[in-house]
Number of protein chains: 2
Amino acid sequence: MATMQQVADRAGVSIATVSFVVNGTKYVTPATTARVEAAMRELKFRGNLVARALASRRTRIIALLFPTVGNRFSPTTSEFFMSAAERASQRGYHLVLWPVDPAGEDLDDLVSGGLVDGVVLMEVRMDDPRVRKLSELDVPFTLIGRTRDSSDLPFVDIDFETTIEDSLDHLQGLGHRRFGLVLENLEGTPMAGYAPHLRVEDTFRRSVAARGAVGTVVYAGAGSEGGREAARALLDADPEVSGVLVMKDDSSAGLLVGLSAAGRRVPDDVSVLSIASSGTAGDQHHPRLTTMVAPGRELGERAADALIDQLDGASEGKPHFLLPCVLRPAESVAAAPTGATA
Amino acid sequence: MATMQQVADRAGVSIATVSFVVNGTKYVTPATTARVEAAMRELKFRGNLVARALASRRTRIIALLFPTVGNRFSPTTSEFFMSAAERASQRGYHLVLWPVDPAGEDLDDLVSGGLVDGVVLMEVRMDDPRVRKLSELDVPFTLIGRTRDSSDLPFVDIDFETTIEDSLDHLQGLGHRRFGLVLENLEGTPMAGYAPHLRVEDTFRRSVAARGAVGTVVYAGAGSEGGREAARALLDADPEVSGVLVMKDDSSAGLLVGLSAAGRRVPDDVSVLSIASSGTAGDQHHPRLTTMVAPGRELGERAADALIDQLDGASEGKPHFLLPCVLRPAESVAAAPTGATA
DNA sequence: CTGAAAGCGCTAACAA
DNA sequence: TTGTTAGCGCTTTCAG
C-alpha cells in the first residue's frame, strides 16, 4: 500500500500538498493537482484511514449499537440499519452494526478507544443504561427510540401514541367496541422495559378508556403456539372481543389460528391489525394481515442525519422526530410473479 | 481522555512500561505493575485504539460483509452475525456488520484503509466478485458460503448436498416418491447466482433422478401470494406431487394455504419440509412446519475462528468446514407460557 | 500556492 | 526489569 509520502515523492511535491489535494483542504494549482493525481493513480494510493483518524481525531465511522442478547432482528430493524447506513455513506461516513451488551458494560472500550465518532442506539428501553454511559463518556449519540424522558436527548422514534390512536380509530370505524392487545412479555429478559411495548400498552389502555370501550391486554409466548394461547386468553377474558392489535410478528399466525379454532372468523367476526410491523411480515399470511407499517427507512435516515449533523457541527438543538406507522390494508398489494420449470 | 504518557508520569515510570503492563507484552514487577494500574484507574485510562492500531498495524476489528442491496436478513443471517461476534469477542476481536456493495466496488476503501484486520463474507454467490477483490487486496478473509470453486479458499458452509439427501431420505421414508422444490427466483437481482439456491436445485434434480423418482422445481414470488402461486404451479406440473421442500420462509405459509386450497391436506396428503431455515421460522406456522434447521450459530463461530486463526497466525492451511441442516420434526417443541391481564 | 515540521497516542526494538 | 526513542501515515499550523 502506497503511502502519501511515496505519492509526494513521485509527484515531486511535499506530503502536505498531497494531503491538500486529497482532502481539498487548500487550493492547489490545477497543474500540481494533476501531477499529484497522476501519481496517486499510478501508485494506487488509497490512504491509510487509521493514520488519518489519529491525526484528525475522527474516524468518520459511526456505530449502530445492537444488543448482543435478547436480540430481535426484525425486518424493521433491518430497515433501520440499511437506510441509516445508506444515508451515512451519502454523507461521507461509514455506519456499522456493532453488537454491545445491553447493559452498556462494554461501551467504554468502543467509544473511548476513539474508534467511532458517534453512536446511534436502537432497541431503547425506558431506563436505558446505555444512555447514561454514553452521556458520561461524552460521545455524540442519537436514539432510534426514546427513554422515559428523552426531552434533552436527540431522538427519532415511531409515534406509538398516534399509531395506537389511529389503529383504534380504524377498528372503531369498522364497528368494533371491544379491543384486545397482544404483546410480548419481556419481563425477566435483558430487554425488560422495552419502550415501544410500554408506550403501546399504556396508550392502548388510556385510549380505550377514553373511548368508553373495553380493552384487554394479553402477553404472548413465543411463536405460533404463543399466538394460539394468546387467542384463548383473550377470549377467556373477553369473549366478545372483536378488534385485536398484535405487536408480535412471530405469533400473529398462531393468533389467527387460535381465533378461528375458537369459532371466530377473521375478518368477519374479529378484525386483526398488526402494528409496528413491516409490510412483508403482513404478506406472509393468508389472508394478508392489515398492518400498521413502521416507517423504518425514514427513521433510519433521520437518525443518521441527526447524528451526522451533530458531528459536523450543523446541528440546531436536539432533534425530536416522531413518525407514526401507516395503515396498509390487506388488499393493497400487487401479486408477485411465479414461474415453474419442469 | 487520559493518554498513556499521563499514566506513565503519574506512576513515575516510562511510557514503555505502561505499554507493557497494558498489553502484557513484557514482564513487569508486581510492584510497578500495581503503581501503573493504580494510575490508570485514577486517570480512567482507556487507551486510544486508533493510535494503537497505527503503531501496531492491526485494529483487531473484523468486518462481516453484508450486501447493501438484495438483502435478506433472515434469522439465520442474524445467527451468523451474533455467534461470530460473540466468538470474536472471546478471542479479543470486535466483529461488526459492514454494509457493502454486492459487486465489491467499495471494498477498497474499507480494506486498504487499514480499518479492519480481516473480513468474513456472507451471502456468497457462485462467482462472487467480492472474492476476487479481496484476493487482489490481499486481505485475510473467510467465507460463510462457497463460490463455485472454493477449494483454495477458507470457508464454512451449510452442507447443502447432504441436507437435500437427508431431506429426500426423510420424505422417502414417509412413503413419498414425487417431490417438489420451491425456491426463490433471484435472476435479474444483485443476488443472482446465490450459491445455496443453485446447489440445492442441482442436488435436488440429481438426487431425485438417482432415486428414480419425479421432481419438480418451482420459483416462487414474494410473500404468501408467491407461495400460493407456487403451490398451484407445482400441482399443475405434477398433480401427484406429495413431498415438498421449501427454501423460502416468507412463502411457506402461502404454500400451505395453496396446497389446502387445492384439496391437499398437510401433512396427510402432502408433506412439507422447510429447509435451511431457522427453528423459529417453523414455529410461526400452525401446524408447525417440519424444518431442516440451519446450523447458524456453529457456522458463525467456525467462521470467526477460521479468520482469527489466520490473523493470529495459528492457521494450518485453508479450513473447509461443512455442516448439514438437521431435521427438526414439527412436534419437538415445548409450549411457551402465555399470561393474560385484565 | 507550496513546504517544513510538529504532533496525534501508542508499539516495539534496542539499550541500559 | 525498565527506559529511550524511532517510527506508524497523515493533518495542520506556520513560514515563505
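Residues numbered from 1 in each chain as written. Chains lettered and ligands numbered in written order. Predicted model: local features only at pLDDT ≥ 70, side-chain atom pairs only at ≥ 80, totals over all residues. Heavy atoms only, no water.

Per an unreviewed UniProt entry, the recorded name for chain A is LacI family transcriptional regulator, and the organism is Curtobacterium citreum.

Asker: Describe the overall build of chain A, and please don't skip the residues or the numbers.
Answerer: The helix and strand inventory of chain A stands at 13 helices and 13 strands. Computed over C-alpha atoms, the radius of gyration of chain A comes to 25 Å, more than 25% over the 20 Å expected from 2.2 N^0.38 for 342 residues, which places it beyond the range of a compact globule. For chain A, the C-alpha atoms occupy an extent of roughly 85 × 60 × 30 Å along the three principal directions. Across chain A, contacts joining residues at least 24 apart in sequence account for 70% of those joining residues at least 6 apart. As displayed, chain A offers around 14,100 Å² of accessible surface, 51% of which is attributable to carbon and sulfur atoms. Mean positive and mean negative side-chain charge positions of chain A (35 and 45 charges, respectively) differ by 6 Å. (Helix = DSSP H or I, 4+ residues; strand = E, 2+ residues; numbered from the N terminus. Rg over C-alpha atoms; globule rule 2.2 N^0.38 Å. Contact = heavy atoms within 4.5 Å. Areas by Shrake-Rupley, 256 points an atom, 1.4 Å probe, with all protein chains shown as cover. Lys, Arg positive; Asp, Glu negative; His and termini not counted. Charge placed at Lys NZ, Arg CZ, Asp CG, Glu CD.)

Asker: Describe the relation of the copies chain B and chain A, and please don't skip the residues or the numbers.
Answerer: With an RMSD of 0.1 Å, the operation that places chain B on chain A is a rotation of 180° combined with a shift of 0.1 Å along the axis. Such a turn and shift between the copies fits a two-fold axis. By C-alpha distance to the rotation axis, the residue of chain B lying nearest is L97 of chain B, at 2.5 Å. Both copies contact each other with a shared surface, as 100% of the interface residues of chain B are interface residues in chain A too. (Least-squares fit on C-alpha atoms with pLDDT ≥ 70 in both.)

Asker: Just give me the short version of the protein's contact with DNA strand C, but keep the residues and values in it.
Answerer: The full set close to DNA strand C counts 27 residues, and T17, Y27, T29 and R57 of chain A together with M4 of chain B are the nearest of them. Backbone sugar and phosphate groups make up 73% of those atoms of DNA strand C lying within 4 Å of the protein. Contact distances for DNA strand C include 3.3 Å between a base oxygen and a backbone N or O atom of A55 of chain A. In the environment of DNA strand C, a phosphate oxygen lies 3.1 Å from a nitrogen or oxygen atom belonging to the backbone of N48 of chain B. Elements with a minimum of two residues in the surface near DNA strand C: α2 (15-23) and α4 (49-56) of chain A together with α2 (15-23) and α4 (49-56) of chain B. Tallied by class, the residues present in the surface near DNA strand C amount to 14 nonpolar, 10 polar and three charged. (Near = heavy atom within 4 Å. Polar contact = N/O pair within 3.5 Å; in protein donor to acceptor, adjacent residues only side chain to side chain. Nonpolar A, V, L, I, M, F, W, Y, C, P; charged D, E, K, R; others polar.)

Asker: Outline the UniProt feature "domain: HTH lacI-type" (unreviewed entry) in chain A, listing residues and values.
Answerer: Look at the UniProt record and you will see "domain: HTH lacI-type" (unreviewed entry) annotated at residues 2-56 of chain A. Annotation note: span residues 2-56 of chain A, helix share 71%, strand share 0%, distance between end C-alpha atoms 20 Å. (UniProt positions renumbered as here; feature names shortened; annotations may be inferred.)

Asker: Report on the protein's contact with DNA strand D, specifying residues and quantitative values.
Answerer: Within the structure, DNA strand D sits among 28 residues, and M4 of chain A together with S14, T17, T29 and R57 of chain B are positioned closest to it. In the interface set of DNA strand D, defined as its atoms within 4 Å of the protein, sugar plus phosphate atoms amount to 70%. Note that a base nitrogen of DNA strand D is positioned 3.4 Å from one of the backbone N or O atoms of A51 of chain A. At 2.7 Å from a phosphate oxygen of DNA strand D is found a side-chain nitrogen or oxygen belonging to T29 of chain B. Breaking the surface near DNA strand D down by element, the ones donating at least two residues are α2 and α4 of chain A together with α2 and α4 of chain B. By residue number, the principal contributor to the surface near DNA strand D is α2 of chain A, which donates five residues.

Asker: Requested: an account of the packing of aromatic side chains, with residues and values cited.
Answerer: Applying the stated criterion across every chain, the model contains three aromatic pairs over all chains. Judged by centre distance (3.7 Å) and plane angle (10°), the ring pair of F73 of chain A and F73 of chain B falls under stacked. Of the two residues, F73 of chain A sits in the loop between β1 (61-67) and α5 (75-90) while F73 of chain B sits in the loop between β1 (61-67) and α5 (75-90), which places them in two different chains. There is no split in this pair, since F73 of chain A and F73 of chain B are both buried. For F73 of chain B, a relative accessible area of 12% puts it in the buried group. Among the aromatic side chains, those forming a connected cluster through ring pairs are F66 and F73 of chain A together with F66 and F73 of chain B. (Phe/Tyr/Trp six-rings, centres within 6.5 Å; stacked < 30°, edge-to-face > 60°. Buried < 20%, exposed > 50% of the residue type's maximum accessible area, 1.4 Å probe, protein only.)

Asker: Explain empty space enclosed by the protein residue by residue, including any values.
Answerer: Space left empty within the atom packing is revealed by a probe, the size of a water molecule, rolled over the atoms. Using the criterion set out here, one finds two cavities of 30 Å³ or more in the structure. Looking at the largest cavity, its volume works out to about 120 Å³. Considering the residues around the largest cavity, the lining is formed by 15 residues, among which I61 and L115 of chain A together with T59, I61 and L115 of chain B are closest to the centre. Split by residue class, the lining of the largest cavity holds 13 nonpolar, two polar and no charged. Lining of the second largest cavity is provided by A253, Q284 and H285 of chain A together with A253, Q284 and H285 of chain B. Of the residues in the lining of the second largest cavity, the class split is two nonpolar, four polar and no charged. (1 Å grid on protein atoms, 1.4 Å probe; cavity = no way out; pocket = protein on both sides within 12 Å on 5 of 7 lines; lining within 4 Å. Points joined across faces, edges and corners; volume = space filled by probe spheres on them.)

Asker: Please give an account of the packing of α2 of chain B against helix α3 (residues 30-43) of chain B that cites residues and values.
Answerer: Packed helices, taken two at a time, are described by the angle between their axes plus the distance between the axes. Residues and elements named next belong to chain B. Following both chains from N to C, one finds α2 and α3 inclined at 85°, their axes separated by 10 Å at the closest point. Comparing the axis directions of α2 and α3 gives the class roughly perpendicular. Residue-level inspection shows V18, V21 and V22 of α2 in contact with α3, the latter providing V36, E37 and M40. Class assignment for the residues of the contact of α2 with α3 results in five nonpolar, no polar and one charged. (Axes fitted to C-alpha atoms, helices over the stretch in contact; angles between N-to-C directions. Parallel < 35°, antiparallel > 145°, perpendicular 65-115°, else oblique.)

Asker: Now, about the interface of chain B and chain A: what can you tell me, with residues and values included?
Answerer: If you look at the interface, chain B gives 67 residues, while chain A gives 67 residues. Between chain B and chain A the total buried area reaches about 5,200 Å² when both faces are included, carbon and sulfur atoms providing 63% of it. Scanning the region where chain B abuts chain A turns up two salt bridges. With its nearest N and O atoms 3.4 Å apart, the salt bridge here joins R46 of chain A to D108 of chain B. (Buried area = accessible area lost by both parts, 1.4 Å probe. Salt bridge = Lys/Arg side-chain N within 4 Å of Asp/Glu carboxyl O.)

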